Amino acid sequence: SKVNIDVLDCSSSEKVNNFIKSNLTNLRNIDGVLFPIGMIFEEDTVQNNISKTNELIQANYGVIVHFVSEMTKIIKEKNSGTIVGFGSVSAYLGRDLNTIYAASKRALDSFFESLAFTNIKTNINIQFYVLGYLESNMTFGRKLILPKGSTKKLARIVYKNINKKYKKIYSPYWWAPI
């Protein structure tokens, strides 16, 4: 199988629309979408200013839903394919930091559950990965209580499950009890 990697500025739905319009011919040939995206601000608290709040909601929920919804239309035409989303364990534990990020990821989890439900009688596979700490730019240089998971191992798990019907997977696995 062939994998194409595209870089997409996900700061607004307008940029996503422009990407889709300018790549529509190539996008019609896709068999799946993997959309690993997340953005945090150190000062993300319940007292965020509205501008920062909207930016976090867009990057961690709104733009993802927009893009996945558009790609689902294309994949439904073929009645075959896989859509993979990535959430966060922070969505399940109230906290004083990363509050808007966590709320957005909880909404994304609900969206993917609904997406799976609406595609239960199709040949479209829906996957959702609930991620804990991984070796990534979001954890670089941080002292953490639990060890970081391997992004390479996560990639192997995603690949192994790519043709399975709805599945929610925690990675690293030790986050599953949350």
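Placed above this text is the structure.
Keep in mind the model is a prediction, meaning the values are calculated, not measured.

1. Comments concerning the overall build of the protein
Tallying secondary structure elements over the protein gives 5 helices and 4 strands in all. Each principal axis of the C-alpha atoms in the protein carries an extent, and together these give about 45 × 35 × 30 Å. Taken across its 178 residues, the protein has 41% of its residues classed as buried. In the protein, the share of contacts with a sequence separation of at least 24, taken over all contacts with a separation of at least 6, comes to 73%. Looking at the protein as shown, the accessible area adds up to about 10600 Å², and 55% of this sits on carbon and sulfur atoms. Treating the 23 positive side-chain charges of the protein as one cloud and the 14 negative ones as another, the clouds have centres 9 Å apart.

2. Focus on the pairing of strand S3 (residues 124-131)
Burial analysis of S3 places 8 of its 8 residues in the buried class, the great majority of the element. Burial of the side chains of S3 extends over both faces: Ile124, Ile126, Phe128 and Val130 are buried on one face and Asn125, Gln127, Tyr129 and Leu131 on the other. Sheet topology note: the strand S2 (residues 81-88)/S3 ladder contains 8 bridges and is parallel. Bridging across to S3, Gly81 finds its partner in Ile124.

3. Concerning the sheet that holds strand S1 (residues 32-35)
Ordered in space as S1-S2-S3-S4, the 4 strands form an open sheet in which the pairing is parallel. Looking at which strands have only one partner, the edges of the open sheet turn out to be S1 and strand S4 (167-171). Taken pair by pair, the neighbouring strands of this sheet meet at an average axis angle of 20°, ignoring direction. Pairing analysis gives 5 bridges linking S3 to S4, with the strands arranged parallel. Following the sheet pairing, Tyr129 is matched in S4 by Ile169. Those strands touched by helix H3 (residues 50-78) are S1, S2 and S3, and its axis lies near 170° from that of S1. The strands that helix H4 (residues 99-118) touches are S2, S3 and S4; relative to S2, the one it contacts most, it runs at about 155°.

4. A look at unusual backbone geometry
A positive phi angle, close to 50°, is found at Asn79, a residue other than glycine. Mapped onto the elements, Asn79 comes out in the loop between H3 and S2. With a phi angle near 55°, Asn98 is a residue other than glycine that sits in the positive phi range. Assignment of secondary structure puts Asn98 in the loop between S2 and H4.

5. Points about the packing of aromatic side chains
Tallied over the full model, the rule gives 5 aromatic pairs. Plain terms: the ring middles of Phe86 and Tyr129 are 5.7 Å apart, the flat faces sit at 25° to each other, and that makes the pair stacked. Residue Phe86 is located in strand S2, and its partner Tyr129 is located in strand S3; the two are separated by 43 residues in the primary sequence. In this structure, Phe86 and Tyr129 share a single accessibility class: buried. Through a chain of ring-to-ring contacts, the aromatic side chains of Phe19, Phe35 and Phe67 assemble into a single cluster. Between Lys52 and the ring centre of Phe41, over which it is positioned, the NZ or CZ distance is 4.1 Å.

6. Some words on the packing of H3 against H4
Relative to each other, H3 and H4 sit at 15°, their axes nearing to 8 Å. Between H3 and H4, the interaxial angle falls into the category roughly parallel. When the axes of H3 and H4 are compared, the crossing they make is right-handed. Judged by residue contacts, Thr53, Leu56, Ile57, Asn60, Tyr61, Ile64, Val65, Val68, Ser69 and Thr72 of H3 engage Ile100, Tyr101, Ser104, Lys105, Ala107, Leu108, Phe111, Phe112 and Leu115 from H4. In terms of residue class, the contact of H3 with H4 is built from 13 nonpolar, 5 polar and 1 charged.

Definitions and limits used
Residues numbered from 1 in each chain as written. Predicted model: local features only at pLDDT ≥ 70, side-chain atom pairs only at ≥ 80, totals over all residues. Heavy atoms only, no water. Helix = DSSP H or I, 4+ residues; strand = E, 2+ residues; numbered from the N terminus. Buried < 20%, exposed > 50% of the residue type's maximum accessible area, 1.4 Å probe, protein only. Contact = heavy atoms within 4.5 Å. Areas by Shrake-Rupley, 256 points an atom, 1.4 Å probe, with all protein chains shown as cover. Lys, Arg positive; Asp, Glu negative; His and termini not counted. Charge placed at Lys NZ, Arg CZ, Asp CG, Glu CD. Pairing = 2+ DSSP bridges. Axes fitted to C-alpha atoms, helices over the stretch in contact; angles between N-to-C directions. Phe/Tyr/Trp six-rings, centres within 6.5 Å; stacked < 30°, edge-to-face > 60°. Lys NZ or Arg CZ within 6 Å of the ring centre and 35° of its normal. Parallel < 35°, antiparallel > 145°, perpendicular 65-115°, else oblique. Left-handed = near helix turned anticlockwise from the far one by under 90°. Nonpolar A, V, L, I, M, F, W, Y, C, P; charged D, E, K, R; others polar.

Keep in mind that these numbers describe shape and distance, not what the molecule does.
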